[in-house]
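As a plain string of letters, each chain reads:
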Amino acid sequence: MFWNDVEKVEAEEAAAEGEGLSLELPEGSTCLKMLYFAATYPLCATMYITMPDVRNQRHRNVPMAILAFLLSLVWIGFFSIALVEWVEVISNTLGIPLPVAGVTILAAGTSIPDLLSSYVVAKQGQGDMAVSSSIGSNIFDVTVGLPLPWLIWSIIEGGKA
């Protein structure tokens with residue numbers, strides 16, 4: 001039943017919390033797992049070095065949580081700038097107009113996290129929550145995500161077009 005699934009997920013999360021991030025080669029690896037490990041190792045190692053693991057008891061305090069949050073924002077900013085540069089280079093190379101490439105990446109950037117969160121929730125047996133999450137996030141994007149920057153720009157510019 002539902003409660004058994006919830007208990008199973010909670011047990012898995014508790015086990016994962018104790019493990020933390022490991023940079024060691026996974027045991028019993030297939031070729032695909034080895035390729036994934038080799039491709040993601042530089043990124044994982046960089047994150048491991050630059051950000052405190054707040055799951056560790058030693059780092060489980062408010063200043064470390066704030067530091068981890070701020071460093072996460074720095075990494076998000078870095079990857080955002082890198083993504084814009086990469087899209088510009090690729091669109092110029094392939095002859096795709098830059099606005100088309102930008103809007104396509106923007107659409108994927110807002111939809112993929114919703115897809116992943118809905119998938120995780122649906123796997124936990126809460127399909128109605130997965131659907132409402134997808135619909136709710138789109139409503140939020142349209143009612144807050146689009147108008148708020150326009151409102152701020154209008155306030156700064158004094159309503160000039």
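Each value, and the rule that gives it
Residues numbered from 1 in each chain as written. Predicted model: local features only at pLDDT ≥ 70, side-chain atom pairs only at ≥ 80, totals over all residues. Heavy atoms only, no water. Axes fitted to C-alpha atoms, helices over the stretch in contact; angles between N-to-C directions. Helix = DSSP H or I, 4+ residues; strand = E, 2+ residues; numbered from the N terminus. Parallel < 35°, antiparallel > 145°, perpendicular 65-115°, else oblique. Left-handed = near helix turned anticlockwise from the far one by under 90°. Contact = heavy atoms within 4.5 Å. Nonpolar A, V, L, I, M, F, W, Y, C, P; charged D, E, K, R; others polar. Phe/Tyr/Trp six-rings, centres within 6.5 Å; stacked < 30°, edge-to-face > 60°. Buried < 20%, exposed > 50% of the residue type's maximum accessible area, 1.4 Å probe, protein only. pLDDT = per-residue confidence, 0-100.

1. Some remarks on the packing of helix α4 (residues 98–123) against helix α5 (residues 127–145)
Okay, so step 1: Relative orientation of the contacting elements α4 and α5 amounts to 155°, with a least axis distance of 8 Å. Comparing their axes, α5 and α4 come out roughly antiparallel. Considering the relative orientation of α4 and α5, their crossing is right-handed. Judged by residue contacts, Thr 110, Asp 114, Ser 117, Ser 118, Val 121 and Ala 122 of α4 engage Met 129, Ala 130, Ser 133, Ser 134, Ser 137, Asn 138 and Asp 141 from α5.
Okay, so step 2: The residue makeup of the contact of α4 with α5, split by class, is four nonpolar, seven polar and two charged.

2. Quick notes on the packing of aromatic side chains
Okay, so step 1: Scanning the entire structure with this criterion turns up four aromatic pairs.
Okay, so step 2: Centre to centre, the rings of Phe 37 and Tyr 41 are 5.4 Å apart; their planes meet at 50°, and the pair counts as tilted. In this pair, Phe 37 and Tyr 41 are both assigned in helix α2 (residues 31–50), four residues apart and thus about one turn of the helix distant.
Okay, so step 3: Classification of Tyr 41 as partly exposed rests on a relative accessible area of 36%.
Okay, so step 4: Considering the side-chain rings of Trp 75 and Phe 78, the 5.6 Å spacing of their centres and the 90° angle between planes classify their relative orientation as edge-to-face. Of this pair, Trp 75 and Phe 78 both sit in helix α3 (residues 62–94), three residues apart, which is roughly one turn of that helix.
Okay, so step 5: Judged by its relative accessible area of 17%, Trp 75 falls in the buried class.
Okay, so step 6: Each member of the aromatic cluster is reached from another via a ring pair, and the members are Trp 75, Phe 78 and Phe 79.

3. Examining the confidence of the model for the chain
Okay, so step 1: Looking at the chain as a whole, the pLDDT averages 83, with 86% of positions reaching at least 70.
Okay, so step 2: Per-element confidence in the chain ranges from a low mean pLDDT of 59 for helix α1 (residues 2–19) to a high of 91 for α3.

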